[in-house]
Amino acid sequence: MRLPRSVAGWTIAVFGVLALVMGAVGLLWPEALLRMLGFEIPQSRAPGDYTGVFVTASSMASFNMGVYYLLATATEWRAFYRFTVVFRLVTFTVFTLAVLADIAPGRFFGVAAWEGLGAVATAVGLWWDARRSAGTTGPPGVTAPAGGSGSTPDEPEQDDDRRRAGTSGVGPATDAVH
């Protein structure tokens, strides 16, 4: 797997690795995950208590999400990065409301904060990368060459390949199809 090629890519990669690891922890040692989140671990579960099923499903979703984020990083899929900013802010809001409404324990706010800070970090990374690719870095009065419109400023777009593949040529997502 390639290292991220942008600041925003690094924020997505970090979140992806952590989601993957936390998903694996939840699948292999669910009690540890529940303790980290501030949930009590009873000696035995009552009939009809599906906490284990929920932890397994959530952990598998987290594991898969980690893989998706790492794939987006490998392909430098900028549209995905922007998409995550919006939905991580939504997640921050929902998780914060769950804590405020006493649906979740106070320590669960750490998950909300992680989502919110991750969204902000990715948004700042996207802004920084756009600023850098626009040529605003470097000596005053000197702008960088336009570069290509590939997945990074220095990577040329492969118009012929995208047209032949019958894709829309929208960017890195098409690279994953090739």
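Residues numbered from 1 in each chain as written. Predicted model: local features only at pLDDT ≥ 70, side-chain atom pairs only at ≥ 80, totals over all residues. Heavy atoms only, no water.

Turning next to the confidence of the model for the chain. On average, residues of the chain score 82 in pLDDT, and 75% of them are at 70 or above. Contacts for the low-pLDDT stretch residues 138–149, under 50 throughout, to residues beyond four places or in other chains number eleven contacts. When the criterion is pLDDT under 50, residues 156–168 qualifies, and its contacts beyond four places in sequence or with other chains add up to 17 contacts. (pLDDT = per-residue confidence, 0-100. Contact = heavy atoms within 4.5 Å.)

Let us now look at the packing of aromatic side chains. Here the structure, examined in full by the defined rule, presents nine aromatic pairs. Between Phe15 and Trp114, the ring centres sit 6.0 Å apart and the planes meet at 20 degrees, which makes this aromatic pair stacked. Pair noted here: Phe15 is in helix α1 (residues 7–28) and Trp114 is in helix α5 (residues 109–133), with a separation of 99 residues, a long-range link. Taking the relative accessible area as the measure of exposure, Phe15 reaches 5% and is therefore buried. Overall, the relative accessible area of 37% leaves Trp114 in the partly exposed class. When the centroid spacing of 5.0 Å and the interplanar angle of 50 degrees are considered together, the rings of Phe95 and Phe108 count as tilted. Note that Phe95 is positioned in helix α4 (residues 78–100) and Phe108 in the loop between α4 and α5, a separation of 13 residues in sequence. (Phe/Tyr/Trp six-rings, centres within 6.5 Å; stacked < 30°, edge-to-face > 60°. Helix = DSSP H or I, 4+ residues; strand = E, 2+ residues; numbered from the N terminus. Buried < 20%, exposed > 50% of the residue type's maximum accessible area, 1.4 Å probe, protein only.)

Moving on, we come to the layout of surface pockets. If a probe the size of a water molecule is rolled over the atoms, the empty space left behind becomes visible. Taken as a whole, the largest pocket encloses approximately 1,000 Å³ of empty space. If you go around the largest pocket, you meet 36 residues; those closest to its centre are Leu37, Ser62, Phe95, Phe108 and Val111. For the lining of the largest pocket, the secondary-structure elements that each account for two or more residues are α1, α2 (30–36), α3 (51–75), α4 and α5. Residue composition of the lining of the largest pocket, by class: 25 nonpolar, eight polar and three charged. (1 Å grid on protein atoms, 1.4 Å probe; cavity = no way out; pocket = protein on both sides within 12 Å on 5 of 7 lines; lining within 4 Å. Points joined across faces, edges and corners; volume = space filled by probe spheres on them. Nonpolar A, V, L, I, M, F, W, Y, C, P; charged D, E, K, R; others polar.)

This next bit is on the pattern of salt bridges. Summed over the entire model, instances satisfying the criterion amount to five salt bridges. For Asp49, the salt bridge is made with Arg45, and the minimal N-O distance between the two is 3.2 Å. Judged by relative accessible area, Asp49 falls into the partly exposed class, the value being 30%. Given the relative accessible area of 37%, Arg45 is considered partly exposed. (Salt bridge = Lys/Arg side-chain N within 4 Å of Asp/Glu carboxyl O.)

Running from amino to carboxyl end, α1 crosses α4 at an angle of 60 degrees, the nearest separation of the two axes being 10 Å. Between α1 and α4, the interaxial angle falls into the category oblique. Relative to α4, α1 is oriented so that their crossing is left-handed. In this structure, α1 contributes Ala8, Gly9, Ile12 and Phe15 to the contact, and α4 contributes Arg78, Tyr81, Thr84 and Arg88. When grouped by side-chain class, the residues that make up the contact of α1 with α4 number four nonpolar, two polar and two charged. (Axes fitted to C-alpha atoms, helices over the stretch in contact; angles between N-to-C directions. Parallel < 35°, antiparallel > 145°, perpendicular 65-115°, else oblique. Left-handed = near helix turned anticlockwise from the far one by under 90°.)

Judged by nonpolar contacts, Ala8, Ile12, Phe15, Ala19, Tyr69, Ala72, Phe80, Tyr81, Val85 and Leu126 together constitute the single largest core of ten residues. The element contributing the most residues to this core is α1, with four residues. Those residues in contact with Phe15, other than ones at most four positions away along the chain, are Met65, Tyr69, Arg88, Trp114 and Glu115. (Core = buried A, V, L, I, M, F, W, Y, C linked by side-chain atoms within 4.5 Å.)

On the surface, Val7, Leu89, Val120, Val124, Trp127 and Trp128 cluster together into a nonpolar patch covering about 530 Å² of accessible area. Top element by residues in the nonpolar patch is α5. It accounts for four residues. Here Leu89 lies in helix α4. You can call Leu89 partly exposed: its relative accessible area is 37%. (Patch = residues over 30% accessible without salt bridge, like charges linked within 9 Å, V, L, I, M, F, W, Y side chains within 5 Å. Areas by Shrake-Rupley, 256 points an atom, 1.4 Å probe, with all protein chains shown as cover.)

Now for α4. Its 23 residues place the ends of α4 33 Å apart at the C-alpha level, agreeing with the 33 Å of an ideal helix rising 1.5 Å per residue. Turning to α4, its buried residues number three or more, namely Arg78, Phe80, Tyr81, Thr84, Val85, Arg88, Thr96, Ala98 and Val99. (Expected span 1.5 Å × (residues − 1).)

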